[in-house]
Amino acid sequence: PTHGQVVAARMSAYRAPLANVPSAEPYVWPYDGAVERNSVALIIIDMQVDFCGRGGYVDTMGYDIALTRAPIEPLSRVL
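Report on the accompanying structure. Because the structure is predicted, anything quoted here is derived from the model rather than measured.

## Considering the overall build of the protein
Of regular secondary structure, the protein possesses 5 helices and 0 strands. Secondary structure elements of the protein occur, N-terminal to C-terminal, as α-α-α-α-α. Relative to its full complement of 79 residues, the protein shows a buried share of 6%. Long-range contacts, defined here as pairs at least 24 residues apart, represent 27% of the contacts in the protein between residues at least 6 apart. Roughly 7300 Å² of accessible area belongs to the protein as shown, and the carbon and sulfur atoms make up 59% of that amount.

## Quick notes on the pattern of salt bridges
The full count for this structure, using the stated rule, is 1 salt bridge. We note a salt bridge from E73 to R77, for which the minimum N-O separation is 2.4 Å. Residue E73 and its partner R77 are located together in helix α5 (residues 72–78), separated by 4 residues, close to a single helical turn. Residue class for R77 comes out exposed when judged on its relative accessible area of 59%.

How each quantity is defined
- Residues numbered from 1 in each chain as written.
- Predicted model: local features only at pLDDT ≥ 70, side-chain atom pairs only at ≥ 80, totals over all residues.
- Heavy atoms only, no water.
- Helix = DSSP H or I, 4+ residues; strand = E, 2+ residues; numbered from the N terminus.
- Buried < 20%, exposed > 50% of the residue type's maximum accessible area, 1.4 Å probe, protein only.
- Contact = heavy atoms within 4.5 Å.
- Areas by Shrake-Rupley, 256 points an atom, 1.4 Å probe, with all protein chains shown as cover.
- Salt bridge = Lys/Arg side-chain N within 4 Å of Asp/Glu carboxyl O.

Nothing here speaks to function; it is geometry throughout.
Quick look at the structure:
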């Protein structure tokens, strides 16, 4: 087999087939319908120095932290 075929076979082993998606109440996941505020949780993970601040991991790796800081202001309006 080619390298691409080996990689594809390994990746498919990590993906759960759609047929194995469990049913859940009140709806099956992934959900593709209307969302009501009183039935949703917003989880924000690690919006601190490592990903969004000067001197943090993303900054020291040389990436533009403006990209990781972009959601801060819109998220603050939601919170």
